[in-house]
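Structural overview for review
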Amino acid sequence: MPETTDVLVVGSGIAGLASALAAARAGQDVLVATKATRPEGASSWWAQGGIAVARDHPEQFKEDIIAASDDTADPDAVDVLVENANDAVRDVLVETLAVEFDSEDDEEYDFTREAAHSEDRILHVDASTGRHIHVPFLNYLDDHENIELRDDTAALELVRHEGRVHGAILESDGAYEPVYAGATVLATGGIGDLFPRSTNPTGSTGDGIAMAALAGADLADMEYVQFHPTVYTGGQAERGPRKASGETASSEDADPFLVSEAVRGEGGLLRNGDGERFMPDYHEDAELAPRDVVARAVATERRETGVVTLDVGPLDFAEAFPDLVELCEDRGVDWTDGIPVAPAEHFLCGGIDVDDRGRTSLDRLYAVGECARTGVHGANRLASTSLLEGLVWGLRAGEDAAGDEADPIEAPDLLERDPDLPDDFARQKFHRLTRVMDECVGLERDPDDLNRALAVLRRLKGEVDAYVRTRTARSLYELRNATVTALLVTRHAIENDESVGTHYVVDAASESETPEPRADD
Ligand code: SIN
């Protein structure tokens, strides 16, 4: 008998867990399959700043989201987010999981602020909010009688027939079998492995995006890749060699770490290699300008003056950010001299196109969290809205997904004629992929470079496909997924010649009215 479940969720970040919770509350049996072997395998665990809520000003929150997106966010999607924000956080995080957000006294939460927010509205736990939500969420679902959490389990392909998705082929310990589901929810997170420097955990290979694209689902806004401006990169040119499949980065072994935007929200200042504060010359909101503006300014100043540091002198850093102090001390960074920072890939604003319930263009396939494009972020995401989007859309998708029974059909045949891969095959190809993405599809994009990347990636896909046709290995599928996703990002970037938000086209930008870097240096 083939394995069946009512709802199959692929991925274990906040969006996937919220989908599982909502489907289970509706009486469904839910299987959550995740590649992660530890909580740190989900991006949600790494979220620092916090989770924004609407408080008493949903209109103001909406305006901030739309302004940060360069007026490209979908207002209807933003309405869904802001109108559901307070209730979703209260219901799931406060009442169900008992997350203890920082408070000033027993009555009042200590709301904080990050770039491009017009009021203090971010709930947080120190600067490690993600893990304080993620761990209780995993524990809660682990104890839920309708939910099975299966780790170290990758989805390789969707099972699809005539526009309907019937589940996925899951791989665990080298063995693979289809699992049939009434509905399948993709919650596979981001695309950090496509770039040499990223805040995502290792293993962020765009799996859901690639599987959905290969099954024929619509995608949108793939060119909008957000780079976080302040990441301590440990002086490394790129993040360490990819680990074996299934392993993930952790705070102990990952050199780079995010320095939350909340540090700038509390008064941290960016200084260049000459010790000068530069952000007021780039934007009237200075350090709290939209993230894409700050990221490009940091990159420019690093190029011109060698280094950029985040000066934490104006705030009581040790008191406000004990977790970041610990990370600095672990890496031997003397934060009293300022923390050296650089931009790094952080979040994909686009992805699998979904409606306000997470429904994709394929029947019974849902997508939530970073792999989905809801329209909330447009070309640039406002800080601390990703956990919220994952929570709100996760709940809505999980609720909507309930109701259909699994219908086992014939699954695609995965071949295993010659299971041995050349040593280091995936690692070498990943190196080529991340190099071309870094050089051509990063913070600033030149049309000629984008076309060069397209040619390199097409060749790479041809080589990878030749292997996928004859072998089934998780590392090979991750490589295939990363290559397909990189091609999608590049194609969408080529098709959009307008500089907007995170998509900065060098030619177009020089003709537009983008603020010039300062002239007084
Ligand atoms: C941060 O803490 O700076 C990250 C917040 C986010 O990306 O939403």
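Notes on the structure follow. As the structure is a prediction and not an experimental result, all values here were calculated from the model.

Some points on the sheet that holds strand β15 (residues 342-348)
- Strand order in this open sheet of three strands is β11-β10-β15, and the pairing throughout is antiparallel. The sheet is open, and its two borders are formed by β11 (257-258) and β15, each paired with just one other strand.
- Pairing analysis gives two bridges linking strand β10 (residues 225-232) to β11, with the strands arranged antiparallel. Looking across to β11, one finds that Y232 is bridged to F257.
- Here helix α8 (residues 291-305) sits on the sheet in contact with β10 and β15, set at roughly 55° to β10.

With respect to the packing of aromatic side chains
- Taken as a whole and judged by the stated rule, the model has nine aromatic pairs.
- With 6.3 Å between their ring centres and 85° between their planes, F101 and Y109 make a pair best called edge-to-face.
- Under the relative-accessibility criterion, F101 is labelled buried at 5%.
- Seen from their ring centres, Y232 and F257 are 5.0 Å apart, and the 40° between their planes marks the pair as tilted. Of the two residues, Y232 is situated in strand β10 and F257 in strand β11; the sequence distance between them amounts to 25 residues.

So, the site of the ligand
- Within the structure, the ligand sits among Q48, G49, E114, H228, L258, S260, E261, R291, H346, R381, A383 and S384.
- A distance of 2.9 Å separates an oxygen atom of the ligand from a polar atom in the backbone of G49.
- Contact between the ligand and R291: an oxygen atom at 2.9 Å from a side-chain N or O atom of the residue.
- When the free accessible area of the ligand is taken as 260 Å², the share hidden by the protein chains comes to 95%.
- By residue class, the composition of the shell around the ligand is two nonpolar, six polar and four charged.

Brief notes about helix α3 (residues 58-68)
- Listing the buried residues of α3 in full gives F61, K62, D64, I65, I66 and A68.
- Next to the buried residues of α3 lie β3 (51-52), α4 (75-96) and α11 (386-401).
- Directly beyond the C-terminal end of α3, a positive phi value near 65° is found at D70.

Some details on the nonpolar core
- Core analysis: the biggest nonpolar cluster contains 129 residues, and L93, L186 and L391 have the highest contact counts within it.
- Those residues in contact with L186 that lie beyond four places of it in its chain are V10, L158, G208, M211, A212, I352, L365, Y366, A367, V368 and C371.
- Judged by nonpolar contacts, the second largest core, of 30 residues, contains V263, V298, V308 and W335.

Brief notes about the pairing of strand β8 (residues 175-186)
- Within β8, 10 of the 12 residues are buried, which leaves it mostly tucked inside the rest of the structure.
- Bridge analysis of strand β1 (residues 3-10) against β8 gives seven bridges, and the strand direction is parallel. Across the sheet, the residue bridging to V7 is A183, located in β8.
- With six bridges connecting them, strand β7 (residues 164-172) and β8 associate as antiparallel partners. Considered in β8, the bridge of L170 is made with E177.
- In sequence, β7 turns back onto β8 through a hairpin of two residues, with D173 there showing a positive phi of about 55°.
- Where β8 and strand β17 (residues 365-367) come together, three bridges link them in parallel fashion. Residue pairing across strands places T184 opposite L365, the latter belonging to β17.

Quick notes on the side chain of T385
- Take T385: it is sitting in the loop between β18 (372-373) and α11.
- A polar atom in the side chain of T385 sits 2.5 Å from the backbone oxygen of L382.
- Here T385 is in contact with F61, I65 and H377, once residues within four sequence places are set aside.

About the criteria used
Residue numbering note: each chain is counted from 1, following its sequence as written. Per-residue local features are limited, in this predicted model, to residues with pLDDT of at least 70; the limit for side-chain atom pairs, both in listing and counting, is 80 or more; totals at the level of whole chains, interfaces and linings are taken over all residues. To obtain the side-chain values, all non-hydrogen atoms of the structure were included, while hydrogens and water were left out. Any two strands are treated as partners once DSSP identifies two or more bridges connecting them. Helix and strand labels come from DSSP, where a helix needs a run of H or I of at least four residues and a strand needs a run of E of at least two; each type is numbered from the N terminus. Contacts were defined at the residue level, with two residues in contact if any of their heavy atoms lie within 4.5 Å. Simply put, an axis is a line fit to the C-alpha atoms, just over the touching stretch for a helix, and the angle between two N-to-C directions goes from 0 to 180 degrees. Two rings from Phe, Tyr or Trp (for Trp, the six-membered ring) form a pair when their centres are within 6.5 Å of each other. A pair whose planes differ by under 30 degrees is stacked, one over 60 is edge-to-face, and the rest are tilted. Buried means the residue's accessible area, taken with a 1.4 Å probe over protein chains only, is under 20% of the maximum for its type, while exposed means over 50%, and partly exposed covers the values in between. When we say a residue is near a molecule or strand, we mean one of its heavy atoms is within 4 Å of it. We define a polar contact as two N or O atoms separated by no more than 3.5 Å, with the added condition that, inside protein, one atom must be a possible hydrogen donor and the other a possible acceptor, whereas residues neighbouring each other in sequence contribute only through side-chain atom pairs. Residue burial considers only the protein chains on display, and all accessible areas are found by Shrake-Rupley using a 1.4 Å probe. Side-chain classes are defined by residue name, with Ala, Val, Leu, Ile, Met, Phe, Trp, Tyr, Cys and Pro counting as nonpolar, Asp, Glu, Lys and Arg as charged, and the others, Gly among them, as polar. Nine residue types can take part in a nonpolar core, namely buried Ala, Val, Leu, Ile, Met, Phe, Trp, Tyr and Cys, and a core is a set of them joined through side-chain atoms within 4.5 Å.

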